[in-house]
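Each chain is listed here by its residues.
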Amino acid sequence: MLLIICCVCLFRFPGFGDTRFGKVVVTGEVKGEEGEPLPGVTVVVKGTSWGCVTDKDGKFKLDVPDKDDVILEFKYVGMKTLEMRVPKTRVLEVVLSKDTKELDDVIVTAYYTLPKNAFTGEITTLRGEDLLRVSPNNIIQALATLVPGLRVIENNEQGSNPNAVPEILIRGASSLVLNDQSGVNTPLIILDGVKITIEELYDLDIYDVERVDVLKDASAAVLYGEKAANGVILIERTRVKGNRPRLSYNFTPIFSFPDLNSLRLCNAEQKLELERLAGLYDKADGSLYPSYAYKLENVRRGVDTDWASKPLRTAFTHGHSASLTGRGGNIEYKVAGRFTDMYGVMKGDFRKNYGVNFSLGYRLRKKLLITYRFAYTMTDSKNSPYGSFAQYTLMNPYNPVYDESGKYIRNYDFYPLGEKGNVQQNPLYNASLSSFSKNRGKNITNYLSVRWDVLKSLFVSGDLSVSQRGSRNKVYVSPEDSRFDSEVLANKKGTYTETHGESTDWSAKMALNYRLVLNEAGTTVVSLSAGTDIGKYKSSASQLKAEGFLKDKMTDLKFAAQYVNTKPTGGEQESAEVGFFVNGSFDLLGRYFVNGSYKTSGSSKFGSNHRFAPVWSAGIGWNIHEEDFMDFDWLNVLRLRFSVGSTANVTFSPYQAMTTYLYGNDLLHYGGLGAVPITMGNPDMKWQITNKYNWGLTAALWNERINVAASYYIERTKDVLMPLSLPSSVGVSEVHVNMGKLRNSGYEFSISAEILKTRDMSWLVTVNGSRVIDKLTRISDALRAQNLAAYYGVKPQPMFVEGGSQFGIYAMRSAGIDPASGQEVYIKKNGKYTFTYDSEERVEVGNTNPTLEGSLFTGFGYKGFSVNVSAAYRFGGDLYNTTLANKVENIDPFGNVDRRAFTERWKRPGDLVRFLGIPENETVVKRYSERFVERDNLLAITSVMLNYEWQAEWLKKVGIRRMNVGFGMSDIARISSVKQERGTEYPFQRGFNFTLRTTFK
């Protein structure tokens, strides 16, 4: 028989010294919904502070007054508080149910824990179940749907490429997006206390996520100091649920098919007629007529090749994950594994993820908790050998794929029976060769944390993490590839490129936390924490490139004839950071609360005169609903918050403040080895600081059936790093200096309503939205000069103009096409009209930032069934329609184009049309016209998920505690005001999925 351990008294019960009542002993056991014992449950006599906690087996023993009306309260983190009257038997069997709201009401960071009703920061908290309602496999898309202000930058070029990692922003960009500063606006992402990359978040097992906290303002993120200017995403993996061993398994098969609804390509007949109208066969001697007749004959005999469908497939992806958890004695453990076999809709590509992680926790005498976590992940990926999808949309449909013998035609001469030139290569032929592009990445993470509860109100915590990453990329191009057709030398045909990279990232942190309750009701509390953190990062990369392969199948490096360069190339980076911080909060009577933080951070990435920079935050809040004059039955929560503070950004090159040199064998001379400068150092380079102001409101009405959250913010970034031009005599063209200023402002909101809530039925509707307004308030002369050099290609590059937006679209204003002449009428800055395009007359004619964007979510549940629908919307922003610019007007008539180039262009005087005639007047300078800027309004149904929670008794008989089956669809419908090709380099996809989630006894 198990011994019952006496519980620890929390406070002396008033009246126990009184002789009016005797005492009786009450015993019992507390379990969770699935029958697992719950240790550490607080058991209190209602109306008093007398009580105890359950032991490791969930059992308790408590002396209570010998009265008939004694009620016990059972409280446990993450569970609903339960009240039970003491029965005559004095023995209780207690079952506590989960309380997701209680989890949401606690703010947990790597530095402190606070109740949400005493927190001034702006934070969005999500549970793992919330994410799964939106997507069974894409955690980034789920976050973008559920977190207002978090935006996934749509990559129209890469579409749904499984090997293209998306980019995310929180509350816009706090740094300028220059050519050499990619990723500077990516938020800090932390998984179980360890910093991870956006790619690791992309590959994370969504079924292994317990909770996500997105920190947005300075009050929430300041203690992360030098990394928090772009916001922070905190992720916790699932924890041990009970004492008994518990095995769970998740299976997700996904079927995907390409979405080509945006393609409007000419068919064979239309394309040939467009070529005739463009005058491609007009020659005085008639020598090109046979070529035209040959193509016309192909059209008449039915040749109309659908090139866009040739490299595509219906893809099948499947994911598996399993975990085993349990607790025994003072040890708790968890082991989890994952395998995902992901395929895109382009033939031949894949992305395979392998992962395993385990954790061990050991508690010594309820004073010392030691936790160790280990994780290993490996990713194998391969790009499609079919190359860029854009190649296939350019192929002329009157050309057949195969020759008379059934083999791939290698090249297509535009004039097969006339003069040579304008050869199109058959991408299907190249895809049949042995060329490849593949990558392998590995990551090993070790994490150790220790918590020592010195006193009831005082504890010390510390942790140490080490992450090691490695990658290896191989790209082989066959010597038989058609790109080498013009190459004469055999030792120049075929290339092999191999790139290696590795990095080590370690960090350590120690914090002292103190919490003092100043009144008996526990509503006046002082919390203090102080500590230090330190980190170091080191990486290296190398690359070699060889050429000259004799045969297609000789794909190994050893078959190369020579190296492209005389030596491999590469480099390394190293940086270090250190910080000291203090944080405090004061909650007065549960009504008024104040938070404050200060941290001084140091980084080796900045000039020797400015290694350290202080960051800070201060916030106040008011729980208005706790006031006596707000005693309304329909009002549950009304909270106002304000915070102000600063955060810093160090996501830049480690050596941008240092003078660096390049040594080379070609610099040898009689005095020794020479060097040339690469970068010019700047010892006065300072930290890029963002000052943040945030106003927030939280409200809950009618028993929390309606929940509202709204915020308005202003963010001012000073000392923005920008290039400064240098004279050529220095040896380098520019140096980075603190000369820029940015300003972001905007608002966010989220409204959630439980329209229907009964015992068996529920209906939830949620709407969220956000807007960002950015402004460049100061830029450098070198940045102004980039505006002249950056304009190339079809799409205008960003311009940097004081008073403008870095997301502005700059082009020359247009009055349309002159019906009489077919020429475009431009509008100069002074308002005058002209037929002449002038790049100096470009102005901001649009902005890609929408007026409002967000998501809609609704979930309906009946008993074990649930249906969840997610949608996204945006309106008010602008887009430069590259399809109109590249495939309707400024076309290459030798390749296929959008059919609007054939039907909607100027042909004769009097035509009222939007586009120039065929052929248009070609110019050397690319013309960026306002005519191609369109309002980007969108409503898209992103996912529908149908689930059923199986509750049959027979499942328990076969050892299954829980089973959930589901069916879902993604990217179901899309209504857009813009008609352009989507997924130019890689198409977008739609699909449907099944899910199976099981938990075994």
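Up top is the structure.
The following paragraphs examine the structure supplied in this document.

### Let's talk about the sheet that holds strand β5 (residues 71-75)
Reasoning step 1: Within the open sheet, the 4 strands sit side by side as β3-β2-β5-β6. Their pairing is antiparallel. Because the sheet does not close on itself, it has two edges, and the strands there are β3 (51-53) and β6 (82-85). Taken pair by pair, the neighbouring strands of this sheet meet at an average axis angle of 20 degrees, ignoring direction.
Reasoning step 2: As paired strands, strand β2 (residues 42-45) and β5 are joined by 4 bridges and run antiparallel to one another.

### Looking at the nonpolar core
Reasoning step 1: Counting residues in hydrophobic clusters, the biggest one holds 30 residues, and the most contacted among them are Leu131, Ile139, Leu201, Val212 and Ile235.
Reasoning step 2: For this core, the secondary-structure elements that each account for two or more residues are α2 (128-134), α3 (139-146), β12 (167-170), β13 (188-191), α4 (198-202), β15 (209-215) and β16 (232-237).
Reasoning step 3: Looking at this core, the element that brings in the most residues is α3, giving 6 residues.
Reasoning step 4: Those residues in contact with Leu201 that sit more than four places away from it in its chain are Ile139, Ile140, Ile189, Ile196 and Ile235.
Reasoning step 5: Listed in part, the 20 residues of the second largest apolar core include Val24, Val41, Val43 and Val86.

### Quick word on the side chain of Lys692
Reasoning step 1: Relative to the helices and strands, Lys692 is located in strand β35 (residues 688-701).
Reasoning step 2: Polar contacts involving the side chain of Lys692 include one to the main-chain carbonyl oxygen of Lys216, which spans 3.4 Å.
Reasoning step 3: For Lys692, the contacting residues outside a window of four places in its chain are Lys216, Asp217, Ala218, Ala228, Ala229, Gly231, Ser643, Val644, Gly645, Thr647, Ile714 and Glu715.

### Topic: the sheet that holds strand β4 (residues 59-65)
Reasoning step 1: Within the open sheet, the 3 strands sit side by side as β4-β1-β7. Their pairing is mixed. Both outer strands of the open sheet, β4 and β7 (91-95), are each paired with one neighbouring strand and no more. Neighbour-to-neighbour, the strand axes of the sheet open up by a mean angle of 30 degrees, direction not taken into account.
Reasoning step 2: As paired elements, strand β1 (residues 23-31) and β4 share 7 bridges and run antiparallel to each other. Across the sheet, the residue bridging to Thr27 is Lys61, located in β4.

### What to know about α3
Reasoning step 1: Counting buried positions over the 8 residues of α3 gives 7, a clear majority of the element.
Reasoning step 2: Listed in full, the buried residues belonging to α3 are Ile139, Ile140, Ala142, Leu143, Ala144, Thr145 and Leu146.
Reasoning step 3: Here α3 starts with a cap whose side-chain oxygen sits 3.3 Å from the backbone nitrogen of Ile140, and that cap is Asn138.

### Observations regarding the pairing of strand β40 (residues 813-817)
Reasoning step 1: Pairing of β40 with strand β41 (residues 824-827) involves 4 bridges; the strand directions are antiparallel. Paired with Ile817 across the two strands is Glu824, which belongs to β41.
Reasoning step 2: Connecting β40 to the next strand, β41, in antiparallel fashion are 6 residues, including Gly822 with a positive phi near 80 degrees.

### Some remarks on the packing of aromatic side chains
Reasoning step 1: For the structure shown, the criterion picks out 30 aromatic pairs.
Reasoning step 2: When the centroid spacing of 5.2 Å and the interplanar angle of 45 degrees are considered together, the rings of Phe642 and Trp695 count as tilted. Taken together, the positions of Phe642 in strand β32 (residues 635-649) and Trp695 in strand β35 put the pair 53 residues apart, joining distant regions of the chain.
Reasoning step 3: Given the relative accessible area of 26%, Phe642 is considered partly exposed.
Reasoning step 4: According to the relative accessible area criterion, Trp695 is partly exposed, its value standing at 37%.
Reasoning step 5: Consider the rings of Phe992 and Phe994, whose centres lie 6.1 Å apart with planes at 90 degrees: the pair is edge-to-face.

### Quick look at the pattern of salt bridges
Reasoning step 1: As enumerated under the stated definition, the model contains 51 salt bridges in all.
Reasoning step 2: Residue Lys334 pairs with Asp208 through a salt bridge whose shortest N-O separation is 2.7 Å. Within this pair, whereas Lys334 is found in strand β19 (residues 331-342), its partner Asp208 is found in the loop between α4 and β15, the two being separated by 126 residues in sequence.
Reasoning step 3: Take Lys334: its relative accessible area is 4%, and that puts it in the buried class.

What counts, and at which threshold
- Per chain, the residues get numbers from 1 upward, laid out in the order the sequence is written.
- Note on the predicted model: pLDDT of at least 70 is required for a residue's local features to be given, and 80 or more for side-chain atom pairs to be given and counted; whole-chain, interface and lining totals, by contrast, use all residues.
- Side-chain metrics in this entry use all non-hydrogen atoms of the structure; hydrogen atoms and water are not considered.
- Pairing between two strands requires that DSSP report at least two bridges joining them.
- Under the DSSP-based scheme used, a helix requires at least four consecutive residues in state H or I and a strand at least two consecutive residues in state E, with every element numbered from the N terminus.
- Fitted lines through C-alpha atoms give the axes, limited to the stretch in contact for helices. The angle between two N-to-C directions lies from 0 to 180 degrees.
- Only buried residues count toward a nonpolar core, which is a set of Ala, Val, Leu, Ile, Met, Phe, Trp, Tyr and Cys residues joined through side-chain atoms within 4.5 Å.
- Here the term buried applies to any residue with accessible area under 20% of the maximum for its type, exposed to any over 50%, and partly exposed to those in between, with areas from a 1.4 Å probe on protein chains only.
- Throughout, a contact is declared for two residues whenever any of their heavy atoms are within 4.5 Å.
- Identification of polar contacts relies on pairs of N or O atoms within 3.5 Å, with a donor-acceptor requirement for protein atoms, meaning one able to donate a hydrogen and the other able to accept it, and with residues adjacent in sequence counted only if both atoms are side-chain atoms.
- Paired rings are identified among Phe, Tyr and Trp, the last through its six-membered ring, by centres lying within 6.5 Å, and are further divided according to the angle between planes into stacked (under 30 degrees), edge-to-face (over 60) and tilted (the rest).
- For salt bridges, the criterion is a side-chain nitrogen of Lys or Arg within 4 Å of an Asp or Glu carboxyl oxygen.

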